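Coordinates in review
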Amino acid sequence: MSQENVFTPPAKIEEMYPKEFVGMNRPTAGAREQKELPVGKEDIQLYSLATPNGQKVSILLEELGVAYDAHRISINEGEQFFSGFVDVNPNSKIPALVDRSNPDEPINVFESGNILMYLADKYGKFVPAKDDVRKRTELGNWLMWHMAGQGPMTGNFGHFYSYAPETEIEARTYGVRRYGMEVQRLMSVLDKHLEGKQYILGDDYTVIDIACFPWWNWVCNKYTNSETKITGKDFLSTNQYKNLTAWGERIAARPAVQKGLLVCPFGVTKLKL
């Protein structure tokens with residue numbers, strides 16, 4: 001095989017950087033603009049966007065029925081790099097939350113899975129009791145599975161299938177094949193687990209269902225290839241996962257879920273990546 005047909009990286013990744021960073025992706029952390037976050041009147045302040053990760057938290061807040069202020073963070077405009085947001089989440093990823101129930105010592109909470117557990121424990125709903133070690137451990141098992149697997153792998157698939165530059169044909173082919181198969185495998189894992197169950201932990205609807213549902217929903221109803229118009233649902237043949245489909249329909253029918261999906265809407269059709 002000739003050298004021209006083999007990927008040969010340069011000595012340093014910096015040699016692959018674009019001449020000018022124009023989108024959100026850069027190799028450094030920290031604030032890019034000095035601007036404080038808005039603060040409403042409620043104890044719970046949510047800073048988010050209606051991505052799957054953002055929808056997890058807004059769904060739980062709607063299910064809990066607690067008062068909160070929701071502030072849209074436009075990642076397309078780089079608002080996650082405003083100094084106020086970075087103060088709450090130094091990783092500059094939505095969602096983030098501030099609990100101001102003690103205004104002298106507000107609590108910053110980031111990472112969607114951590115926010116779910118914080119809120120569920122704070123209000124004592126949609127989570128096993130703290131002394132139920134077996135159920136808490138099972139919840140932890142599936143939450144880590146979701147945070148390390150279902151969420152990021154589904155997001156990687158969506159990036160290559162729907163959002164990556166149209167001219168990156170070889171990269172998109174490789175990415176869609178790799179992550180598409182992995183998403184199918186993860187769907188199969190959950191589908192088999194849900195056999196004979198209403199929800200992931202059995203009869204009880206919990207934060208792990210809330211965590212997993214938005215990513216399933218995006219595969220079925222959001223991801224579409226702009227050239228073929230084939231949806232992620234059809235491309236990945238999600239109808240083969242009977243238990244998973246029934247679980248998703250069960251959750252989608254909940255009024256609080258329907259409301260939570262609409263919090264902090266995008267207002268744009270495509271991201272700058």
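Residues numbered from 1 in each chain as written. Predicted model: local features only at pLDDT ≥ 70, side-chain atom pairs only at ≥ 80, totals over all residues. Heavy atoms only, no water.

Some words on the overall build of the protein chain
Broken down by element type, the protein chain carries nine helices and four strands. Walking the protein chain from its N terminus toward its C terminus, one meets helices and strands in the order β-α-β-α-β-β-α-α-α-α-α-α-α. The C-alpha atoms of the protein chain give 20 Å as radius of gyration, which agrees with the globular expectation for 273 residues (19 Å, within 12%). Taken along the three principal axes of its C-alpha coordinates, the protein chain extends 60 × 50 × 35 Å. (Helix = DSSP H or I, 4+ residues; strand = E, 2+ residues; numbered from the N terminus. Rg over C-alpha atoms; globule rule 2.2 N^0.38 Å.)

Some thoughts on helix α6 (residues 207-221)
Helix length check: α6, at 15 residues, gives a terminal C-alpha distance of 21 Å against a target of 21 Å (1.5 Å per residue), a fit within 8%. Among the 15 residues that make up α6, 14 are buried, leaving the element largely enclosed by the rest of the structure. (Expected span 1.5 Å × (residues − 1). Buried < 20%, exposed > 50% of the residue type's maximum accessible area, 1.4 Å probe, protein only.)

Structural notes on the nonpolar core
Soluble, globular proteins show a tendency: their nonpolar side chains are buried together. Membership of the largest hydrophobic core comes to 69 residues, with the highest contact counts inside it found for Leu-119, Ile-208 and Trp-247. Counting residues per element, this core draws most heavily on α6, which supplies eleven residues. (Core = buried A, V, L, I, M, F, W, Y, C linked by side-chain atoms within 4.5 Å.)

Here's the deal with the pattern of salt bridges
Counted under the stated rule, the structure contains seven salt bridges. Residue Glu-62 pairs with Lys-259 through a salt bridge whose shortest N-O separation is 3.5 Å. With a gap of 197 residues between them, Glu-62 in helix α1 (residues 52-64) and Lys-259 in helix α9 (residues 255-260) connect regions that are remote in the sequence. Across the salt bridge formed by Glu-63 and Arg-254, the nearest N and O atoms sit 2.7 Å from each other. A residue pair is termed long-range when its members are at least 10 positions apart, and Glu-63 in helix α1 and Arg-254 in the loop between α8 (242-252) and α9 qualify at 191 residues. Since its relative accessible area comes to 14%, Glu-63 is described here as buried. (Salt bridge = Lys/Arg side-chain N within 4 Å of Asp/Glu carboxyl O.)

Concerning the environment of Glu-42
The topology assignment puts Glu-42 in the segment before β1 (44-48). For the pair Glu-42 and Tyr-68, spaced 26 residues apart in sequence, the C-alpha to C-alpha distance is 5.4 Å. In this structure, Glu-42 is in contact with Ala-67, Tyr-68 and Asp-69, ignoring residues within four places of it in sequence. Polar contacts involving the side chain of Glu-42 include one to the side chain of Lys-41, which spans 2.5 Å. (Contact = heavy atoms within 4.5 Å. Polar contact = N/O pair within 3.5 Å; in protein donor to acceptor, adjacent residues only side chain to side chain.)

So, unusual backbone geometry
Looking along the chain, the bond that leaves Ile-94 and enters Pro-95 is cis, with omega of 0°. When you line up the elements, Pro-95 lands in the loop between α2 (83-88) and β3 (96-99). Positive phi values are uncommon outside glycine, yet Ser-92 reaches one of about 55°. Tracing the chain through its elements places Ser-92 in the loop between α2 and β3. Residue classification places Ser-92 among the buried residues on the basis of a relative accessible area of 6%. Positive phi is not limited to glycine here, since Ser-237 has a value of about 50°. Take Ser-237: it is sitting in the loop between α7 (232-235) and α8. Assessed through its relative accessible area of 37%, Ser-237 is described here as partly exposed.

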